[in-house]
Amino acid sequence: NAGVTQTPKFQVLKTGQSMTLQCAQDMNHNSMYWYRQDPGMGLRLIYYSASEGTTDKGEVPNGYNVSRLNKREFSLRLESAAPSQTSVYFCASRGEGAVGGTQYFGPGTRLLVL
Amino acid sequence: AQSVSQHNHHVILSEAASLELGCNYSYGGTVNLFWYVQYPGQHLQLLLKYFSGDPLVKGIKGFEAEFIKSKFSFNLRKPSVQWSDTAEYFCAVRNTGRRALTFGSGTRLQVQP
């Protein structure tokens, strides 16, 4: 199993450009998440999806949109990138089997917005 | 709103020293508790987790954590650190009414050889 994969690993954008961050998991998990990680602030939830076809806002959703394309894939889109969106983005997934469940994280996408 | 506090932002230890990293959370109901580690340039990996039962939880690489409900704490410990433990450590909490985790701001541990 590859676990959670993310593309691209690194991206540089100019202010106003758009891009989509891709995430896929092969663990048959229902729940998927997008977080951003900024220095001194830990990880903050952007959006999550409890199942295919559903998405919900997290703590910091402004400036982002998501699509749960199918059970495996959960993409994050920046329509008009801003320097404040310079960050490291992590995708995660979680199964429903065990009580509480454990989130498994992808390797991250490092985004720089100039 | 639920919050997680990690009071130590940067800890520097010598090899073989003992480690304790603090984690306190604000939610008063039933919670699931986690410690994740992020080695330089890598993604987050689960160190250990607490769902219920014995409040002393053992994880990988010799780490353990103790859940003290009365203090809303879930401190991470290791008796003797190694240089390879240099990493950033995140405490996270999930209450049973939410699907996502709330993370602390992280503690950067630097172990000097």
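Each remark here, short or long, concerns the structure printed above.
What you see is a predicted model, and the numbers here were worked out from it, not measured in a lab. (Residues numbered from 1 in each chain as written. Chains lettered and ligands numbered in written order. Predicted model: local features only at pLDDT ≥ 70, side-chain atom pairs only at ≥ 80, totals over all residues. Heavy atoms only, no water.)

Which parts of the structure should I look at to understand the sheet that holds strand 1 (residues 4-7) of chain A?
All names here are of chain A. Pairing within the open sheet is antiparallel, and its four strands lie in the order 1-3-8-7. In this open sheet, the two strands that pair with only one neighbour each are strand 1 and strand 7 (64-68). Mean inter-strand twist for the sheet, computed between neighbouring axes without regard to direction, equals 20°. As paired elements, strand 3 (residues 19-25) and strand 8 (residues 74-78) share three bridges and run antiparallel to each other. Bridge pairing links L21 to L76 in strand 8. (Pairing = 2+ DSSP bridges. Helix = DSSP H or I, 4+ residues; strand = E, 2+ residues; numbered from the N terminus. Axes fitted to C-alpha atoms, helices over the stretch in contact; angles between N-to-C directions.)

Would you take a moment to explain the environment of D38 of chain A for this structure?
Residue and element names in this part refer to chain A. Within the secondary structure layout, D38 lies in strand 4 (residues 31-38). Along the sequence, D38 and Q22 sit 16 residues apart, while their C-alpha atoms lie 20 Å from each other. Excluding residues within four positions of it along the chain, D38 makes contact with R44, T86 and S87. Side-chain polar atoms of D38 contact the side chain of S87, separated by 2.9 Å. (Contact = heavy atoms within 4.5 Å. Polar contact = N/O pair within 3.5 Å; in protein donor to acceptor, adjacent residues only side chain to side chain.)

Any chance you could explain the nonpolar core here in plain terms?
Most often, soluble globular proteins keep nonpolar side chains buried together rather than apart. Ranked by internal contacts, the top residues of the largest apolar core, which has 28 residues, are L33, W35, L47, L48, F74, L76 and Y89 of chain B. Elements supplying a minimum of two residues to this core: strand 2 (10-14), strand 3 (19-21), strand 5 (31-38), strand 6 (45-50), strand 8 (64-68), strand 9 (73-78), strand 10 (87-95) and strand 12 (107-112) of chain B. Grouped together as the second largest cluster of nonpolar side chains are 20 residues, M19, V66, C91 and V113 of chain A included. (Core = buried A, V, L, I, M, F, W, Y, C linked by side-chain atoms within 4.5 Å. Buried < 20%, exposed > 50% of the residue type's maximum accessible area, 1.4 Å probe, protein only.)

Sorry, what's going on with the layout of surface pockets here?
Vacant regions in the atomic arrangement are exposed by a probe of water-molecule size rolled over the atoms. In this structure, the largest pocket encloses a volume near 520 Å³. Q37, V88 and R110 of chain A together with Q38 and E88 of chain B are the residues nearest the centre of the largest pocket, which is lined by 25 residues in total. When residues of the lining of the largest pocket are traced back to their parent elements, those giving at least two are strand 4, strand 9 (87-94) and strand 11 (109-113) of chain A together with strand 10 and strand 12 of chain B. Across the lining of the largest pocket, the residue classes break down as nine nonpolar, 11 polar and five charged. (1 Å grid on protein atoms, 1.4 Å probe; cavity = no way out; pocket = protein on both sides within 12 Å on 5 of 7 lines; lining within 4 Å. Points joined across faces, edges and corners; volume = space filled by probe spheres on them. Nonpolar A, V, L, I, M, F, W, Y, C, P; charged D, E, K, R; others polar.)

Help me out: how do you make sense of the pattern of salt bridges in this one?
As a working rule, side chains carrying opposite charge can pair if their charged atoms are close by. Residue and element names in this part refer to chain B. Under the counting rule described, the total for this entry stands at eight salt bridges over all chains. Note that E66 is salt-bridged to R77, the shortest N-O span being 3.2 Å. Of this pair, E66 sits in strand 8 while R77 sits in strand 9, and the two are 11 residues apart along the sequence. For E66, a relative accessible area of 29% corresponds to the partly exposed category. A relative accessible area of 22% means that R77 is categorised as partly exposed. A salt bridge links E88 to R108; the shortest N-O distance between them is 3.2 Å. With E88 in strand 10 and R108 in strand 12, this pair connects stretches of sequence that are 20 residues apart. On the basis of relative accessibility, which here comes to 13%, the residue E88 falls in the buried class. One network of salt bridges, in which partners are shared, links K58, E64, E66 and R77. (Salt bridge = Lys/Arg side-chain N within 4 Å of Asp/Glu carboxyl O.)

What exactly am I supposed to notice about the packing of aromatic side chains here?
The geometry of an aromatic ring pair is captured by the separation of the ring centres together with the interplanar angle, meaning the angle of the planes. Throughout the structure, instances matching the rule amount to 14 aromatic pairs over all chains. Arranged with centres 6.0 Å apart and planes meeting at 75°, the rings of F105 of chain A and F103 of chain B form a pair that is edge-to-face. Of the two residues, F105 of chain A sits in strand 10 (residues 103-105) while F103 of chain B sits in strand 11 (residues 102-103), which places them in two different chains. We note that F105 of chain A, like F103 of chain B, is buried. When the ring of Y25 of chain B is compared with that of F72 of chain B, the centres are 5.7 Å apart and the planes differ by 75°; the resulting orientation is edge-to-face. (Phe/Tyr/Trp six-rings, centres within 6.5 Å; stacked < 30°, edge-to-face > 60°.)

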